[in-house]
Amino acid sequence: MIRITYFGHSMWKLETEHTGLVLDPFSNIGYPMPENLYADIVCSSHNHYDHNHFSLIHGHFEKLINAGQYQIGDFKIEGFKAFHDEVHGEKRGENILFRVSAEGLNFLHCGDLGHILTPEMIESIGKIDVLMIPVGGTYTLDYKEAKVLCDQLNPKIIFPMHYKTDCVNISISDCKGFCSLFEKIVYLSGNAVTTDDLDFVKQGVYIFNL
């Protein structure tokens, strides 16, 4: 069983019994700032203030900011180089996609992905069970582009992220357009769920109540 916690924007924590991993910790952008948050691994998809707030995390942790393969605790991690825009990083630089594997499941955190992936990259990434994907547009994929990536990867569990909410004053869209493209939408109470409570049979979009 893996516990999944969503803090808002693109920040997540994955926890097994022995290992905790945080992805894209934000600075003060409007969401409540987590307190006493510990991790063994912290991944940052790119060096922007709303994705690289390492000082938010307590404890001695491994910092992952580059593409490559890693085995740390219970997690096998691979970072794939991509871009923050549709012109090979000329606007906003590079972006790392992190595939995180544990207990027979593959998660993919897309960071601030700003372009459609090539067939070669889709093949390199491989099978994905749980996808964390930006859908708000402006700085990342918009909701239609995000749907294309979902169709390419065909995950069973889809968590939209980096979208407009009441907490953030950023010129991005909410997740309504994205959700309208799917049949199964599941609204979760709170901001955490375990993989035991997710349906890996029929594809669905899961929305946390932040």
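Look a little higher up for the structure.
My aim in this report is to walk through the structure given alongside it, one point at a time. These figures come from a predicted structure and were not determined experimentally.

Considerations on the packing of aromatic side chains
At step 1: Under the criterion given, the structure shown has 8 aromatic pairs.
At step 2: Their ring planes at 65 degrees and their centres at 6.0 Å tell us that Phe159 and Tyr206 sit as a pair that is edge-to-face. One end of the pair, Phe159, is in strand β11 (residues 157–161); the other, Tyr206, is in strand β14 (residues 204–207), with 47 residues separating them in the sequence. Accessibility classification places Phe159 together with Tyr206 in one group, the buried group.
At step 3: With a centroid separation of 4.9 Å and an interplanar angle of 55 degrees, the aromatic rings of Phe178 and Phe182 are classed as tilted. When sorted by exposure, Phe178 lands in the same class as Phe182, which is buried.

Re the sheet that holds strand β5 (residues 62–64)
At step 1: Ordered by their spatial adjacency, 6 strands build an open sheet running β5-β4-β3-β2-β1-β13, and the pairing between neighbours is mixed. Of all the strands in the sheet, the pair left with one neighbour each is β5 and β13 (192–194). Ignoring strand direction, the axes of neighbouring strands in this sheet form an average angle of 15 degrees.
At step 2: Sheet topology note: the strand β1 (residues 3–8)/β13 ladder contains 3 bridges and is antiparallel. Its bridge partner being in β13, Arg3 is matched across the sheet by Thr194.

Digging into the pairing of β11
At step 1: Within β11, 5 of the 5 residues are buried, leaving the element largely enclosed by the surrounding structure.
At step 2: Burial along β11 is two-sided: the residues Ile157, Phe159 and Met161 and Ile158 and Pro160 are all buried.
At step 3: As defined by bridge partners, strand β10 (residues 130–134) adjoins β11 across 5 bridges and the pair is classed as parallel. Bridge pairing in β11 links Pro134 to Met161.

Quick word on the pattern of salt bridges
At step 1: Inspection of every chain in the model, using the stated rule, returns 6 salt bridges.
At step 2: The shortest N-O distance in the salt bridge between Asp129 and Lys127 comes to 2.3 Å.
At step 3: Between Lys147 and Asp151 there is a salt bridge, with the nearest N and O atoms lying 2.8 Å from each other. Linking Lys147 with Asp151, this pair stays in helix α2 (residues 143–153), spanning 4 residues, or about one helical turn.
At step 4: Taking relative accessible area as the criterion, Asp151 reaches 47% and is therefore assigned partly exposed.

About the thresholds
- Residues numbered from 1 in each chain as written.
- Predicted model: local features only at pLDDT ≥ 70, side-chain atom pairs only at ≥ 80, totals over all residues.
- Heavy atoms only, no water.
- Phe/Tyr/Trp six-rings, centres within 6.5 Å; stacked < 30°, edge-to-face > 60°.
- Helix = DSSP H or I, 4+ residues; strand = E, 2+ residues; numbered from the N terminus.
- Buried < 20%, exposed > 50% of the residue type's maximum accessible area, 1.4 Å probe, protein only.
- Pairing = 2+ DSSP bridges.
- Axes fitted to C-alpha atoms, helices over the stretch in contact; angles between N-to-C directions.
- Salt bridge = Lys/Arg side-chain N within 4 Å of Asp/Glu carboxyl O.

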